[in-house]
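# Breakdown of the fold
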Amino acid sequence: GINAEYMGGHELLSQITLIAVIPMPFNCRINKLGHKVGVTAFYQKFEIGCLPQTASLESESVCSRLFAPSVTLGHFITVTLQPLNANIHPMRLFGILKGWKPGQLLNENPLFYEDMDNESAELMIETSNEMLKVSEKLREEGIACNIVSIFESEIRDWLDEWGPRPSTLSQLFRESPDYKGYHSPLIKHNNGFVPDIKNRYFTEDIPMGLCVYRGVAELVGVPTPIIDMLLKWSQELMGKEYLIDGQMKGKDIMETSCPQRFGITSVQQLK
């Protein structure tokens, strides 16, 4: 919503309905660039957020006809803050690369999900807990934001034919058929591997995800020590500056989608 108003102006935004849909209707991987993709998942139910919220019923109807049965979660920001890629990829990257320095080589390229470690999963849970507090604060401010925990978000898609439901987040990632076969965003270099900083796990999930989490948290005054730690680590690795002196005001802030990048300085402007 912030992006749309910034690009098109308030007048245009007042004439259209914006709909955000989760999960993505098609989960695909490129088989041959420009020619063929493999569909790894086609989901059968969707959750949406829309602006204005008065268009919820119409938006549900449109998405149900286009994709599959859809239900509204409330304000558009509810979809934005759900514990999806930005609550998974940066934490796992930290678990894999936390000791890495430029010039060093990694011996192997681990499976991103099937080799999930407990530390990375715990960081995901702690990040999710911070965002649950942000969601609670947004509701106190009159914004219908209703996100779920990361474990709840992942376990609800577990199918009975996959076997017993996992009891921990790390076990879920290691065992879920949805997460099989994906290696980490590393590239071959000499006799080892180095991080692929141009991979979308860096270029999208940090500036367009984690920075958004942190920016909204800043607006509502909720401390986020885990998100702060991850941002400071990742921005150094990427050669960027997003979070500086505890605020989203770094020199590369215009590359992000955080509220501050659009001049949003109050919760009222999110409504």
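Here is a short report on the structure shown in this document.

### What about the sheet that holds strand β1 (residues 18-22)?
Taken in spatial order, the three strands line up as β1-β4-β5 in an open sheet, and their pairing is mixed. Of all the strands in the sheet, just β1 and β5 (70-75) have a single pairing partner and so form its edges. Neighbour-to-neighbour, the strand axes of this sheet turn through a mean angle of 30 degrees, independent of strand direction. Alignment of strand β4 (residues 46-51) against β5, held across five bridges, turns out to be parallel. Along β5, the bridge assignment pairs Gly-49 with Gly-74.

### Some points on the environment of Glu-152
Relative to the helices and strands, Glu-152 is located in helix α6 (residues 150-155). Among the residues examined, Glu-152 registers a relative accessible area of 42% and is labelled partly exposed. Separated by 17 residues in the primary sequence, Glu-152 and Leu-169 have C-alpha atoms spaced 9.4 Å apart.

### Some remarks on the pairing of strand β7 (residues 192-195)
Both faces of the sheet carry side chains from a regular strand, because those side chains alternate between them. Side chains Gly-192 and Val-194 of β7 all project onto a buried face; the interleaved residues Phe-193 and Pro-195 project onto the opposite face, where all are buried too. Here strand β6 (residues 186-189) runs beside β7; their pairing, made up of four bridges, is antiparallel. If you follow Ile-187 over to β7, its bridge partner there is Val-194.

### Some details on the pattern of salt bridges
For the coordinates displayed, the defined rule picks out nine salt bridges. The residue Arg-156 makes a salt bridge to Glu-47 at a minimum N-O spacing of 3.0 Å. You can see Arg-156 sitting in the loop between α6 and α7 (169-175) and its partner Glu-47 sitting in strand β4, a full 109 residues away along the chain. What makes Arg-156 partly exposed here is its relative accessible area of 32%. For Glu-218, the salt bridge is made with Arg-214, and the minimal N-O distance between the two is 2.9 Å. Separated by four residues within a single helix, Glu-218 and Arg-214 lie in helix α9 (residues 206-220), roughly one turn from each other.

Calculation criteria
Residues numbered from 1 in each chain as written. Predicted model: local features only at pLDDT ≥ 70, side-chain atom pairs only at ≥ 80, totals over all residues. Heavy atoms only, no water. Pairing = 2+ DSSP bridges. Helix = DSSP H or I, 4+ residues; strand = E, 2+ residues; numbered from the N terminus. Axes fitted to C-alpha atoms, helices over the stretch in contact; angles between N-to-C directions. Buried < 20%, exposed > 50% of the residue type's maximum accessible area, 1.4 Å probe, protein only. Salt bridge = Lys/Arg side-chain N within 4 Å of Asp/Glu carboxyl O.

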